[in-house]
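Single-letter residue listing:
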Amino acid sequence: MKFYIIAVLLLICSNTKGQNSEVLCIDNVNVIPMSKDTILQEHRVWVKDGKIISIEKASVPMKNEGFEIIDGSGQFLIPGLAEMHYHFRSDDIVSDFKLFIANGITTVRNMAQFSGQDHIDIRNRSKSGELIVPNYFTTGPYLTKSDLSTKLDVTELVGQHVETGFDFLKIADNLTDSIYMKLLQESQKFKLPVIGHAQRHLPLEYSLRMNSIEHIEEFVYLNDEMDGMPLMEKNVSGLQAVARQIKQSGIYLGTTLTVFEFINNCLNDQKFEEYKTDTLSLYVANEQRDNFLTEKNDYRKLRNKTFNGIKAPDLFKDQFSWMKKFVKILSDNGVNLISGSDTYGMVVVGFSLHRELELLQQAGISPYEVLLSSTVAPARYLNTISTEGTISIGKNANMVLLAKNPLDNINNTRTINGVIVRGKWFNKKQLNGMLEDVANAYK
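The rules behind the values
- Residues numbered from 1 in each chain as written.
- Predicted model: local features only at pLDDT ≥ 70, side-chain atom pairs only at ≥ 80, totals over all residues.
- Heavy atoms only, no water.
- Axes fitted to C-alpha atoms, helices over the stretch in contact; angles between N-to-C directions.
- Helix = DSSP H or I, 4+ residues; strand = E, 2+ residues; numbered from the N terminus.
- Parallel < 35°, antiparallel > 145°, perpendicular 65-115°, else oblique.
- Contact = heavy atoms within 4.5 Å.
- Nonpolar A, V, L, I, M, F, W, Y, C, P; charged D, E, K, R; others polar.
- Phe/Tyr/Trp six-rings, centres within 6.5 Å; stacked < 30°, edge-to-face > 60°.
- Buried < 20%, exposed > 50% of the residue type's maximum accessible area, 1.4 Å probe, protein only.
- Lys NZ or Arg CZ within 6 Å of the ring centre and 35° of its normal.
- Pairing = 2+ DSSP bridges.
- Polar contact = N/O pair within 3.5 Å; in protein donor to acceptor, adjacent residues only side chain to side chain.
- 1 Å grid on protein atoms, 1.4 Å probe; cavity = no way out; pocket = protein on both sides within 12 Å on 5 of 7 lines; lining within 4 Å.
- Points joined across faces, edges and corners; volume = space filled by probe spheres on them.
- Salt bridge = Lys/Arg side-chain N within 4 Å of Asp/Glu carboxyl O.
- Left-handed = near helix turned anticlockwise from the far one by under 90°.

Peer 1: I would appreciate a short explanation of the packing of helix H8 (residues 257-266) against helix H12 (residues 351-362) in the present structure.
Peer 2: Relative placement of two packed helices is described by the angle separating their axes and the distance separating the axes. Taken N-terminus to C-terminus, the directions of H8 and H12 make an angle of 95 degrees; their axes are 8 Å apart at the nearest point. When the interaxial angle is binned, H8 and H12 end up roughly perpendicular. Listed contacts from H12 to Leu-257, Thr-258 and Glu-261 of H8 are Ser-352, Arg-355, Glu-356, Leu-359 and Leu-360. Residues that form the contact of H8 with H12 fall into these classes: 3 nonpolar, 2 polar and 3 charged.

Here it is as C-alpha cells:
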C-alpha cells in the first residue's frame, strides 16, 4: 500500500514538471513518532496537502522530481510541541505566535481572557491560517468567588461561556462546596471542561472532579483528606498513595514549574539582576519588561517578608524543591501530565516551554516521558489525538526537525533546525528571521 501511495505521488509530481509545492519529503531522518518509545532510524516522511501520507525506510528508491526534499541526515523529527499554559500579555499576538513557531510549538492553550482581549477571534484566525500557529484553544476570564456568589451566577456564567464559544472555563479561587458542585454540574450539561486551581479548603477528591488542575504548585497548599496532614509534610509512602488517588481519578495536571522558578529567582538579588541582561529579554514586550524587570515586580516586594517565621526566599525554595520531588512521584504513578510554563515575566513565550521540559527532566522524569507531556498527552486531553500528537500516517504535518536526539537529553528540543506547520517547511534561517522580527517589534 505504501509503495502504491508513493507511485501515485511520483506520477503526480512528474506531471507537474517540478511545480508542485504542496508535496514535501523529509529524507533520511530519524523519526521519533511518539506512538511508542522508539526511533525509526533513517526513514523518509512524505507530506502532501498538510498531511503525513507515508513513512518509509530511506533505502526505498526515490525519484527526485517535482517536490521539495529536506535532508534530514543525522537529525531527529518529532511532533510539534504543546504549550498548555499561555497568557497573552504582549498585545502583539503575531509576535507571540512567531515565538511559538520558532520554538517548535504548534499547539497553544490560552489560560484566561483578559479585559479587552478576544481569544475567539484569535482562534478563528488561527484556524483560517491567517495566524501561523495551527492549533489554538481558548479559556474564559478568571472566575473568582465574587463572580460566583450564587447559583444563578453559575448558570449565567456557564451560559455566557457556551454562547461565546470558549473551550474551557477556569476557576481561580476557593468556592463554597455547593457553588463548586453547581458549577461542575452546570458545565457538564454543555460538555464545557472546568479547569484551574484546586479547591484548597475542600478534600482533595473535590478538586479531582475537574478536567485538569493547572499547577503542581496547588498541591503545596492541600492537605490529605484522610488525616488532614499537609501534603508537603507527608513521607514518600504517603505521597505515593496520593499520587495513586490522582491517577485513578483520570484528571490531567499542568506542570508550570518554570513560573515558580522565576518567582524564586525574583527573590534572589543576583539572579534578578541577571535577568536584565538575559538575551531572552529581547523577546519581552517593553511594558512587560518594565513590570517584571524593575522593582515594580510584585515578587521583589516579598523577599524580606516572613511567613510563619520562615523567610520568603527559604520558603519558596523549599516549596519548589518539594514540587519537583512530587512531580516525579506523579509521573512514576502514571498521572497524566501536560506541559505548560505559565508565560509571565521572564517566563518568555516559546522559550519557556523548553525550560519546563528541562525542569521535568531535572526532577528525574525520563526524556521520553517528558516529551509525552508535550505531544501525546495534550493531544489526548484536547481531543485532537486523531490528527495531532504523533508522527503517523493521516495526521497533520506539524513537526519539528532537531539537530540532536531529545531522548538522550530533553535539552535537545532546543536544537531546532526547522519546523513544519500545516505541511509548510520553515528552515532555520526563516525561524531566526521570526525571532529578529519580534526583537525589532519590542525595541
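Further notes follow.
Peer 1: Looking at this model, I keep getting lost on the packing of aromatic side chains. Mind explaining?
Peer 2: What characterises a pair of aromatic rings is the spacing of the ring centres plus the angle enclosed by the ring planes. Within the structure shown, the criterion is met by 16 aromatic pairs. Relative to Phe-351, the ring of Tyr-283 has its centre 5.1 Å away and its plane inclined at 25 degrees; by these criteria the two rings are stacked. Placement of the pair is Tyr-283 in the loop between helix H9 (269-277) and helix H10 (286-292) and Phe-351 in helix H12, with a sequence separation of 68 residues. Across this residue pair, the class does not change: Tyr-283 and Phe-351 are buried. Ring plane angle 65 degrees and centroid distance 4.5 Å describe the contact between Phe-292 and Tyr-344, whose orientation is recorded as edge-to-face. Placement of Phe-292 in helix H10 and of Tyr-344 in the loop between strand S15 (336-338) and H12 is noted, with a sequence separation of 52 residues between them. Here Phe-292 matches Tyr-344 in class, with each residue buried. The structure contains a cluster of three or more aromatic residues connected by ring pairs, namely Phe-262, Tyr-275, Phe-292, Tyr-299 and Tyr-344. The ring of Tyr-206 has Arg-209 sitting right over it, with the charged end atom 4.4 Å from the ring centre.

Peer 1: Help me understand the pairing of strand S5 (residues 76-79) in this model?
Peer 2: Consecutive side chains along a regular strand alternate between the two faces of the sheet. Pairing analysis gives 2 bridges linking strand S1 (residues 23-31) to S5, with the strands arranged parallel. Bridge pairing links Val-31 to Leu-77 in S5. Sheet topology places S5 next to strand S16 (residues 399-402); 4 bridges connect them, and they run antiparallel. Across the sheet, Ile-78 pairs through a bridge with Val-400, a residue of S16.

Peer 1: What should I look at first to understand the side chain of His-87 in this one?
Peer 2: Relative to the helices and strands, His-87 is located in the loop between strand S6 (81-86) and helix H2 (93-102). Polar contacts involving the side chain of His-87 include one to the side chain of His-85, which spans 3.4 Å. Not counting residues up to four positions away in its chain, the partners in contact with His-87 are Asn-110, Met-111, Ala-112, Phe-114, Tyr-142, Lys-170, Asp-342 and Thr-343.

Peer 1: What is the right way to read empty space enclosed by the protein from this model?
Peer 2: A water-sized probe, rolled over the atoms, reveals where empty space remains. For the structure on display, the rule yields 2 cavities of 30 Å³ or more. One number sums up the size of the largest cavity: a volume of about 160 Å³. Around the largest cavity sit 16 residues that line it, and Arg-89, Val-284, Gln-288, Gly-345 and Val-349 are the ones nearest its centre. Approximately 120 Å³ is the volume found for the second largest cavity. Going through the elements one at a time, S6, strand S7 (105-110) and helix H14 (376-381) are the ones with two or more residues in the lining of the second largest cavity. Partitioned by chemical class, the residues of the lining of the second largest cavity number 9 nonpolar, 11 polar and 1 charged.

Peer 1: Got a minute to help me understand the pattern of salt bridges in this structure?
Peer 2: Any two side chains of opposite charge can pair if their charged atoms end up close together. Under the defined criterion, the tally for this structure stands at 25 salt bridges. Of the charged contacts in the structure, one is a salt bridge between Arg-303 and Asp-269, with a shortest N-O distance of 3.4 Å. Of this pair, Arg-303 sits in the loop between H10 and strand S13 (306-307) while Asp-269 sits in helix H9, placing them 34 residues apart in sequence. Of the residues examined, Arg-303 reaches a relative accessible area of 24% and is grouped as partly exposed. The residue Glu-295 makes a salt bridge to Arg-303 at a minimum N-O spacing of 3.5 Å. Taken together, the shared-partner salt bridges in this structure form one network comprising Glu-261, Arg-355, Glu-358 and Arg-414.

Peer 1: Would you mind showing me how to read the packing of H2 against helix H15 (residues 428-441) here?
Peer 2: At a minimum axis separation of 9 Å, H2 and H15 run at an interaxial angle of 150 degrees. Regarding the angle of H2 to H15, the classification is roughly antiparallel. For the crossing formed where H2 meets H15, the hand is left-handed. On H15, the residues that touch Ser-95, Lys-98, Leu-99, Ile-101 and Ala-102 of H2 are Leu-431, Met-434, Leu-435, Asp-437, Val-438 and Ala-441. Considering only residue class, the contact of H2 with H15 consists of 8 nonpolar, 1 polar and 2 charged.

Everything listed is a geometric property; what it means functionally is a separate question.
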